[in-house]
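Architecture at a glance
Each chain, written out:
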Amino acid sequence: MKILSVVGARPNFMKIAPFIRAINTYNESHPFTPSPPHPFSLSPPPPISHILVHTGQHYDDRMSKAFFEALDLPDADIDLGIGSGTHAEQIGNTMIAFEKVLKAEKPDWVVVVGDVNATLACSVTAKKENIRCCHIEAGLRSGDMSMPEEINRLVTDRLSDLLLVPDRLSIENLKAEGVPDIRIKFVGNIMIDTLEDNRNKASVLQLSDIIKGNAVLDYQFHPYIRDEHYALMTMHRPSNVDNKSVFSSLVHFLTREVSHDLPLLWPIHPRAMKNLEQFGLWQEVIEQKNLILLHPVGYHEMLRLNIGAKLILTDSGGLQEECTVLGTPCLTLRWNTERPITLREHGGASVLVGNNIGRIRSEYNLARNLSRTPVRPELWDGHTAERCLQEILEYKEG
Ligand code: UD1
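Below is a short write-up of the structure. Going along each chain's sequence as written, the residues are numbered from 1 onward. A pLDDT threshold of at least 70 governs which residues receive local features in this predicted model, and a stricter bar of 80 or more applies before side-chain atom pairs are shown or counted, although totals over entire chains, interfaces and linings include all residues. Hydrogens and waters are ignored; side-chain quantities use all the structure's heavy atoms.

**Topic: the sheet that holds strand β6 (residues 162-165)**
What counts here: Pairs of strands are assigned from DSSP output, requiring at least two bridges between the strands. Counting from the N terminus, the helices are the DSSP runs of H or I reaching at least four residues and the strands are the DSSP runs of E reaching at least two. Only heavy atoms enter the contact rule, under which two residues are in contact if any of them lie within 4.5 Å. In this description, a line fitted to the C-alpha atoms serves as the axis of each element, helices being fitted only across the stretch in contact, and the angle between N-to-C directions of two axes falls anywhere from 0 to 180 degrees.
Strand order in the open sheet formed by seven strands is β3-β2-β1-β4-β5-β6-β7, with parallel pairing between adjacent strands. Only two strands of the sheet have a single neighbouring strand rather than two, namely β3 (78-79) and β7 (184-186). Looking at chain direction, strand β1 (residues 2-7) and strand β4 (residues 109-113) are connected through three bridges and run parallel. Of the residues in β4, the one forming a bridge with S5 is V111. Where helix α16 (residues 384-393) meets the sheet, its contacts fall on β1, β4, β5 (132-136), β6 and β7, and the angle it forms with β6 comes to roughly 160 degrees.

See the structure below:
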């Protein structure tokens, strides 16, 4: 069997790493023995051959290469080099390049993960080429059609033959859209495989090393930054960082309130960084000594920062999930989420605060007094990748 899997942007890398490991483990335990043995065959092909395609949507070393290294991902076999652009440019260029790859490689399956532009572009192209498509992390719905990721999720799930879902709420979403049961398989959350694989390695990292190694400005580490005594911040959604008045009031809250209460570590996404400068907020941020701007940090570093944070403010979906398993109180800077299982009302660690400063402030004050309470939703057990592969191997046309 030939499987071609696709990654494009940062959150994809931690989802594909355990899947590739599961393929390698399968190949090691199912050595291919031709029958009858071929006298001239030097090395028989593995039972599953795998090709990794990187669309190149994220291309910076810190957004891409660092994750390949940290997660022990093999170099991509094929890099489409798509880079930045409008959504139509990214998706269109990916489809044109990916079609050529499919015609040359003719895989049995295309595996896409998550909800980025690569996910949509490659699932559409695979189905146009009449190739089976499997979506890992299917069934998530925010109901918010202004999010580019929601459009990517809807299209990918509508087209994919095999929908591997992380939780039972996602099964309900798919059923409500009329997806036949036979296409839906509950496998758990593959991000948590990566978290569990890397938790020990991350926990021994020193906060001071992470800060010194990633600070945007020259920064003297202060020993008062210690576990359970700093806040962590990430923000990259267009709805938060692309609108001047929204982004400015969020930044004012961080500089005038949060950082007066706790040291605030902010690994900053390139989109947010650009807009700090463009909206004239740069000076305000760098003047606040208790707000420490970091370049985008690596996987282990982010996990270490999460393990020690008193609380997190974020608009990232993946972090919401990691906070649930680690128990870090999480203020989600969005009005909706495609990951309701991470919310407090479903037993998780996160609360939706949108971008209303009054609401953020009151939830911040509450979260400040919460203690860490890890929870583990069903099948978030570190073995999702094996179940994903098994479902592909056992797939029968429905
Ligand atoms: C993308 C995903 C989002 C995911 C996020 C994680 C889509 C629609 N969005 O959003 O779901 O949560 O990644 O980071 O696919 N840039 C760089 N270096 C890079 C990559 C991007 O400087 O390596 C700049 C680009 O020039 C661009 C901006 O960052 O202007 C945004 O990048 P883009 O890939 O368009 O979307 P993200 O906001 O990163």
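**Let's talk about the state of the cysteines**
Covalent bonding between the sulfur atoms of two cysteines defines a disulfide. Quick reminder of the rule: Our working definition of a disulfide is a cysteine sulfur pair at a distance within 2.5 Å. The cut-offs for exposure are 20% and 50% of the maximum accessible area for each residue type, with area from a 1.4 Å probe on protein chains only; residues under the lower value are buried, those over the upper are exposed, and the others partly exposed.
Taken as a whole and judged by the stated rule, the model has zero disulfides. Just so you know, C122 is unpaired, no disulfide at all, and the nearest cysteine sulfur is the one on C133, 8.8 Å from it. A disulfide-free cysteine, C133 has its sulfur positioned 7.1 Å from the sulfur of C134, the nearest such atom. Assessed through its relative accessible area of 0%, C133 is described here as buried.

**Observations regarding the site of the ligand**
Filter applied, for reference: If a single non-hydrogen atom of a residue is within 4 Å of a molecule or strand, that residue counts as near it. Polar contacts, as used here, are pairs of N or O atoms within 3.5 Å; protein pairs need one atom able to donate a hydrogen and one able to accept it. Residues neighboring in sequence count only if both atoms are side-chain atoms. In this analysis, the protein atoms alone were mapped onto a 1 Å grid. Cavities are point sets where a 1.4 Å probe fits without being able to get out; pockets are open sets with protein on both sides within 12 Å along at least five of seven lines; lining residues have an atom within 4 Å of a point. A molecule is said to be in a cavity or pocket once over half of its atoms fall within 2 Å of that pocket's grid points.
The immediate surroundings of the ligand are formed by 20 residues, with H58, S84, N117, E149 and K274 found nearest. D60 is positioned with one of its backbone polar atoms (N or O) 2.9 Å from an oxygen atom of the ligand. The contact in question runs from an oxygen atom of the ligand to an N or O atom on the side chain of E149, over 2.7 Å. At a threshold of 2 Å from the grid points, most atoms of the ligand map onto the largest pocket. Of all the secondary structure elements, the ones that give two or more residues to the shell around the ligand are α1 (10-29), α3 (87-105), α5 (148-159) and α11 (270-278). For the shell around the ligand, the leading source of residues is α11, giving three residues.

**Points about the packing of helix α4 (residues 117-128) against α5**
Convention followed: If an angle is under 35 degrees, it is roughly parallel; if it is over 145, roughly antiparallel; if it lies from 65 to 115, roughly perpendicular; otherwise it is oblique. Each helix crossing is assigned a hand: it is left-handed if the near helix lies turned anticlockwise from the far helix by less than a right angle, otherwise right-handed if that turn is clockwise. In this classification, Asp, Glu, Lys and Arg are treated as charged, Ala, Val, Leu, Ile, Met, Phe, Trp, Tyr, Cys and Pro as nonpolar, and every other residue, Gly included, as polar.
Interaxial distance between α4 and α5 falls to 9 Å at its minimum, and their mutual angle equals 25 degrees. Considered as vectors, α4 and α5 are oriented roughly parallel to each other. As α4 runs across α5, the sense of the crossing is left-handed. Residues N117, T119, L120, S123, V124 and K127 of α4 touch α5, and the partners they reach there are I151, N152, V155, T156 and L159. The residue makeup of the contact of α4 with α5, split by class, is five nonpolar, five polar and one charged.

**Digging into the nonpolar core**
Proteins that are soluble and globular tend to have nonpolar side chains buried together. The cut-off we apply is this: Joining through side-chain atoms within 4.5 Å is the link that ties buried Ala, Val, Leu, Ile, Met, Phe, Trp, Tyr and Cys residues into a set, and such a set is a nonpolar core. All domain edges in this entry derive from an automatic or database-based domain assignment.
Within the largest apolar cluster, 40 residues are counted, with the highest numbers of intra-cluster contacts made by I3, F19, L73 and I136. With eight residues, the top contributor of residues to this core is α1. Looking at this core, you find at least three residues from each of domain 1 (2-189 + 380-393) and domain 2 (199-367). Apart from residues lying up to four places away in sequence, I136 is in contact with F19, V111, V112, V113, G114, L164, I190 and C388.

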